[in-house]
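# Structural characterization, general
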Amino acid sequence: MIMEISLWLNNVFIKDNIAPDTLLLDYVRSKGCYSVKRGCETSNCGLCTVILEGKPVLSCSTLAVRANGKHVITMEGLQEEAAEVGGFLADQGSEQCGFCSPGFIMNVISMSKELKDPTLEEVKGYLAGNLCRCTGYQSQLRAVLNYLNAKKEAK
Amino acid sequence: MAVIIHTKGDLTLFTIKNYVVVKDLEEAYVLNQKRSNVVLGGIAWLKMGERNIQNAIDLSGLGLDKIEETEEGFEIGSMVTLRELETNTALNSYFNGVIAKSTEHIVGVQFRNCATVGGSIFSRFGFSDILTCLLALDAYVELYKGGVIPLREFADMPKDNDILVKVIIKKDRREVSYLTHRRTATDIPVIACTVARVNHKWQVVLGARPSKAKLLLDKEQMLSNNPTEEEINKFIEYIKENIQFGSNMRASAEFRKHLAGVLCKRGIKEITERKGL
């Protein structure tokens, strides 16, 4: 069975034909969104995070057909905001190998939109689904807190 | 113009031949009678298997993604995500916020935005935090053919081909505590424990034993309303004797049994030591 879907990928309207078991991860990569990484494949690491209808989801655990009629945003569609978060990560030396950075940045951006003035525990809780095997998380956490403070001060 | 057909990645093991967004519950029920057909929840668990699915049944067009508050309780559609359970203010203003507490360690926000209540409850996973939590509440499931039945009864039923429509939680004034032990913060639990006190009577649910969550009522009233250390210790021995624990890669049965006692004691104390009680 081939299914026709239509969606907005990074605000570009697309009509397409897909096999029903196509994962959103494979689909967005086939459209050139290579920021979306295949990591653990067990729904654990957060590397494949995309924003579906304003919410961060694991694209490795979402069928592309479920994005039918919806908006999908990858880091390619949030370059300005992603660069800003990336700058704070670089300042703390927390980008390291960088493989987890796109998924992490996408979740940080989602958090900054969803939580108003989050506590340290709320930040840790929100980002707990993004695994990193380089940093030990402390430098990432400093970077995120600096990013949130900078956004707060800019208001 | 050539039609490009996008297919799944090589690492994905499950296959779906047809995808059906059903128009009503009857269509879902009829399709679900064949073993090769599957009702989809969030697919986080399903996608790691090797099933060859003939018809994937999608309930997302049926409006089952809402949490509705009534005079008597809450009605939670089977397509509500775990994240919605966690963040629903009205729901979490009851039962000492344990529903949010039982979801907050489930992998990560992105996972919880995918996983559904129906997927977790209908599958009756041994490691389910949600099942362990809801079994301590006055909770029911509404099945399309089976009607409304207590969750406690449903949890012990063999899996069939009915459709889980919603989970219903009745409001009451029970005091609840939810605790788990995990090897890492976002791993599935080594053991999960819900303690509840309702009308001066106590009950404990132990999940991730590693088998399915099990409810134990303090029928003999070993625990008073504010139990002494001796009463608690006696009750813990009773739990250890009456609930079976198993071993797997996360922990041995012996360790789980020990942890069950520790968490149960902490849960009881958390409830009795709350301010204003």
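Just so it is clear, the model here is predicted, and its values are computed rather than measured.

A residue-level look at chain B finds 95% of positions with pLDDT of 70 or above and a mean pLDDT of 93. Reported confidences for the modelled complex are a pTM of 0.94 and an ipTM of 0.96.

Residue and element names in this part refer to chain B. As for its placement among the helices and strands, Ile239 is situated in helix α9 (residues 229-242). Under the relative-accessibility criterion, Ile239 is labelled buried at 1%. For Ile239 and Asp218, which are 21 residues apart along the polypeptide, the C-alpha to C-alpha distance reads 9.5 Å.

Facing the 39 residues of chain A at the interface are 34 residues of chain B. Interface area lost by chain A to chain B is led by Met1, Asp21 and Arg66 of chain A, which between them contribute 21%. Between the two partners, chain A and chain B, sit 4 salt bridges. Where Glu114 of chain A meets Arg83 of chain B, a salt bridge forms, and the shortest distance between an N and an O atom there is 2.6 Å. Residue contributions to the side of chain A that touches chain B peak at 4 residues, all from strand β4 (residues 55-58) of chain A.

Let's shift gears to the nonpolar core. Nonpolar side chains tend toward joint burial in soluble globular proteins. Residues and elements named next belong to chain B. By size, the foremost hydrophobic cluster in this structure holds 75 residues, and its most contacted members are Ile121, Leu134 and Ile169. Discounting residues that sit within four places of it in the chain, Ile169 has contacts with Glu72, Gly73, Phe74, Ile76, Leu91, Phe95, Ile99, Leu134, Leu137, Asp138 and Ala139. One finds Leu216, Phe235, Ala260 and Cys264 within the second-largest nonpolar core, a separate group that totals 25 residues.

Before going further, it helps to spend a moment on unusual backbone geometry. With an omega of 20°, the peptide bond running from Arg209 of chain B to Pro210 of chain B counts as cis. In the Ramachandran plot, Asn10 of chain A falls in the positive-phi region, its phi being about 50° despite a non-glycine side chain. For Asn10 of chain A, a relative accessible area of 16% puts it in the buried group. The phi torsion at Ile43 of chain B lies on the positive side, around 65°, for a residue other than glycine. Note on placement: Ile43 of chain B falls in the loop between β3 (38-39) and β4 (52-58). You can call Ile43 of chain B buried: its relative accessible area is 5%.

Residues and elements named next belong to chain B. A large share of strand β11 (residues 191-198) lies buried, amounting to 8 of its 8 residues. Across the two faces of β11 the burial is the same, with Ile191, Cys193, Val195 and Arg197 and Ala192, Thr194, Ala196 and Val198 all buried. The sheet contact formed by strand β10 (residues 175-181) and β11 spans 7 bridges and is antiparallel. Bridged to Tyr178 within β11 is Thr194. Relative to strand β12 (residues 201-207), β11 runs antiparallel, the two sharing 7 bridges. Residue pairing in the sheet places Val198 in a bridge with Lys201 of β12.

Procedures and definitions
- Residues numbered from 1 in each chain as written.
- Chains lettered and ligands numbered in written order.
- Predicted model: local features only at pLDDT ≥ 70, side-chain atom pairs only at ≥ 80, totals over all residues.
- Heavy atoms only, no water.
- pLDDT = per-residue confidence, 0-100.
- Helix = DSSP H or I, 4+ residues; strand = E, 2+ residues; numbered from the N terminus.
- Buried < 20%, exposed > 50% of the residue type's maximum accessible area, 1.4 Å probe, protein only.
- Contact = heavy atoms within 4.5 Å.
- Buried area = accessible area lost by both parts, 1.4 Å probe.
- Salt bridge = Lys/Arg side-chain N within 4 Å of Asp/Glu carboxyl O.
- Core = buried A, V, L, I, M, F, W, Y, C linked by side-chain atoms within 4.5 Å.
- Pairing = 2+ DSSP bridges.

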